[in-house]
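These are the residues of each chain, in order.
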Amino acid sequence: MKLQMESAELFVPDGTPLEEALARTTHMAVAAHQDDIEIMAYDGILACFQVDDKWFTGVVVTNGSGSPRDDLYKDYTDEAMRVVRRKEQKKAAVVGEYTVQALLDYPSAAIKTPTDKRVVEDLVALLRAARPEVVYVHNLADKHDTHVGVTLRTIEALRRLTDDEKPARVYGCEVWRDLDWLVDTDKVAFDTTPHENLQSALLGVFDSQIAGGKRYDLATLARRRAHATYHASHGTDVVTGQNFAMDLTPLIQDSSLDPNTYVQEFVSRFSRDVAERIAKFG
Ligand SMILES: [Zn+2]
C-alpha cells in the first residue's frame, strides 16, 4: 500500500503480512492525534481484544510534532516530539493487540485545508483494504479544529466507497467535549466496564502528554465512570464505565446530507429538551 506521505508508517504488532493484517480488520478508528483512539474508541479495542475473528485497526492522521511538552520532554524539538509520540502510539497498538496501526504523519495544517485531498486518498485506500464493519471517528460537535477536520475528511473518504464497501456503522466519539448533552434518544452508549486495567495501560503509555500535568489517563477513566452513574437518574448503576457517541452512519448512507445541518439537528433536539422541561413547570 502506498500512502501519500513518504514518512507514513503501517505498523503490524504481531508481524502478520500487512495486506493480510489489514484485510482481517473488523473495527477501525480514525483519529487526529496519538492517544485520541485510546480515549474515544475503547469500544472497538475491547470488541476485538483476545477475540479470534475480530481485529482493530487504528489510524492516526497527524504527526504529533506540535504537541505540548513539559517535564522530561520540555526541551524536545518538534522532530523529537514527533518521534516520541509515534513510539507511544505503537506501544498502545501492542498493548491493545491492534492488527494494524497506521501513522499517516500529516502536519495539522493539511487536515484543516479542505482542498488538500491527500488524507482523503489515504483513508479511501485504507478503508478499501480493511473493509471495517464499524468505524469510530471524532464527533462533529468536538471543540478541537483538527478533530472536526479529521471527521469531515473521513466522511468524504467513506462517501467515495461503493455501497458494499461501506461500513455498517460510523460513530462520532467524545474527546474534546463530552457528549452527555445529547438527548438520551440520540446517545449511543458504549459499555466500557470490562478490563479497567487494560484501559489504564492503553492510556498510560502516552507519557509525553501526561508528564506535563495533563492526566488524560485519570480523566478519561473518570469520565467513563461519571457517564455510567449520571446517564440515568433512576435505578442503580449496572455498568461502571460508559462512553457516548453520535451516530454518523446516515451521513455516509446519504451523500447529499450536509454534515453541518446534520449536527445542528442534535443541537436543536437538545435545545428543545431544555425548553420543554422549563415550560412544563414554569
Ligand atoms: Zn486529539
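Please read all numbers here as calculations on a predicted model, not as lab measurements.

1. Here we look at the pairing of strand 3 (residues 56-62)
- Among the 7 residues that make up strand 3, 7 are buried, leaving the element largely enclosed by the rest of the structure.
- Both strand 2 (residues 27-31) and strand 3 contribute to a ladder of 5 bridges, which runs parallel. Bridging across to strand 3, V30 finds its partner in V59.
- Where strand 3 meets strand 4 (residues 100-106), 5 bridges bridge the pair, whose relative direction is parallel. Across the sheet, residue T62 finds its bridge partner in strand 4, namely Y106.
- Taken together, strand 3, helix 4 (residues 78-95) and strand 4 form a β-α-β motif whose crossover is right-handed.

2. A few points about the pattern of salt bridges
- Applying the stated criterion across every chain, the model contains 22 salt bridges.
- The shortest N-O distance in the salt bridge between D178 and R223 comes to 2.4 Å. In this pair, D178 is assigned in the loop between strand 6 (169-173) and strand 7 (188-191) and R223 in helix 10 (residues 216-230), connecting sequence segments 45 residues apart.
- The exposure class assigned to D178 is partly exposed, which follows from its relative accessible area of 27%.
- Judged by relative accessible area, R223 falls into the buried class, the value being 15%.
- Taken together, the salt bridges that share partners define one network made up of E9, E79, R82, R86, K90 and D105.

3. Examining the coordination of the zinc ion
- The protein atoms that coordinate the zinc ion are H33 (ND1), D36 (OD), D36 (OD) and H147 (NE2), at distances of 2.1 to 2.5 Å.
- Considering all 4 donor atoms around the zinc ion, angles at the metal cover 55 to 140° and the coordination shape is irregular.

4. What about the packing of aromatic side chains?
- This structure, assessed with the given rule, holds 8 aromatic pairs.
- Ring geometry for Y73 against Y76: centres 5.3 Å apart, planes inclined by 70°, an arrangement best described as edge-to-face.
- When its relative accessible area of 33% is taken as the criterion, Y76 is described as partly exposed.
- Three or more aromatic residues joined by ring pairs make a cluster, and in this case those are Y136, Y171 and F190.
- Looking at K90, its charged tip hangs above the ring of F11, at a distance of 5.3 Å from the centre.
- Above the plane of the ring of F266 lies R269, whose end atom (NZ or CZ) is 4.9 Å from the centre.

5. Overview of unusual backbone geometry
- Not every positive phi belongs to a glycine, and R131 is a case in point at roughly 45°.
- Turning to its location among the elements, R131 is positioned in the loop between helix 6 (118-130) and strand 5 (134-138).
- For R131, a relative accessible area of 41% puts it in the partly exposed group.
- You will see that R177, though not glycine, has its phi angle at about 135°, which is positive.
- Along the chain, R177 turns up in the loop between strand 6 and strand 7.
- On the basis of relative accessibility, which here comes to 40%, the residue R177 falls in the partly exposed class.

6. Points about the nonpolar core
- Ranked by internal contacts, the top residues of the largest apolar core, which has 45 residues, are L104 and M246.
- No other element matches helix 6, which puts 7 residues into this core.
- Apart from residues no more than four positions distant in its own chain, M246 is found in contact with N139, L140, A141, V170, Y171, G172, L179, W181, L182, V263 and F266.
- If you look at the next biggest cluster of nonpolar residues, it comprises 32 residues, including F49, V134, Y171 and F206.

7. Some thoughts on helix 10
- Along its 15 residues, helix 10 runs 20 Å from first to last C-alpha, staying within 8% of the 21 Å computed at 1.5 Å per residue.
- D217, T220, L221, R223, R224, H227 and A228 are the residues of helix 10 that are buried. Projected down its long axis, helix 10 shows its buried positions confined to an angular sector of 150°, all on one face.
- Looking at the buried positions of helix 10, the neighbouring elements they touch are helix 2 (36-40), helix 3 (42-48), helix 8 (196-204), helix 9 (207-210) and strand 8 (242-247).

8. Brief notes about the environment of V205
- Note on placement: V205 falls in the loop between helix 8 and helix 9.
- Note: C-alpha distance between V205 and K87 (118 residues apart in sequence) is 9.5 Å.
- Once residues within four sequence positions are removed from consideration, V205 is found in contact with E88, K91, A92 and V95.

Parameters at a glance
- Residues numbered from 1 in each chain as written.
- Predicted model: local features only at pLDDT ≥ 70, side-chain atom pairs only at ≥ 80, totals over all residues.
- Heavy atoms only, no water.
- Buried < 20%, exposed > 50% of the residue type's maximum accessible area, 1.4 Å probe, protein only.
- Helix = DSSP H or I, 4+ residues; strand = E, 2+ residues; numbered from the N terminus.
- Pairing = 2+ DSSP bridges.
- Right-handed = clockwise from strand over helix to strand, strands pointing away.
- Salt bridge = Lys/Arg side-chain N within 4 Å of Asp/Glu carboxyl O.
- Donors = N, O, S within 2.8 Å, 3.2 Å for Na, K, Ca; no water.
- Tetrahedral: all angles 85-135°; square planar, octahedral: opposite > 155°, others 65-115°.
- Phe/Tyr/Trp six-rings, centres within 6.5 Å; stacked < 30°, edge-to-face > 60°.
- Lys NZ or Arg CZ within 6 Å of the ring centre and 35° of its normal.
- Core = buried A, V, L, I, M, F, W, Y, C linked by side-chain atoms within 4.5 Å.
- Contact = heavy atoms within 4.5 Å.
- Expected span 1.5 Å × (residues − 1).
- Arc of directions from axis to C-beta.

Everything listed is a geometric property; what it means functionally is a separate question.
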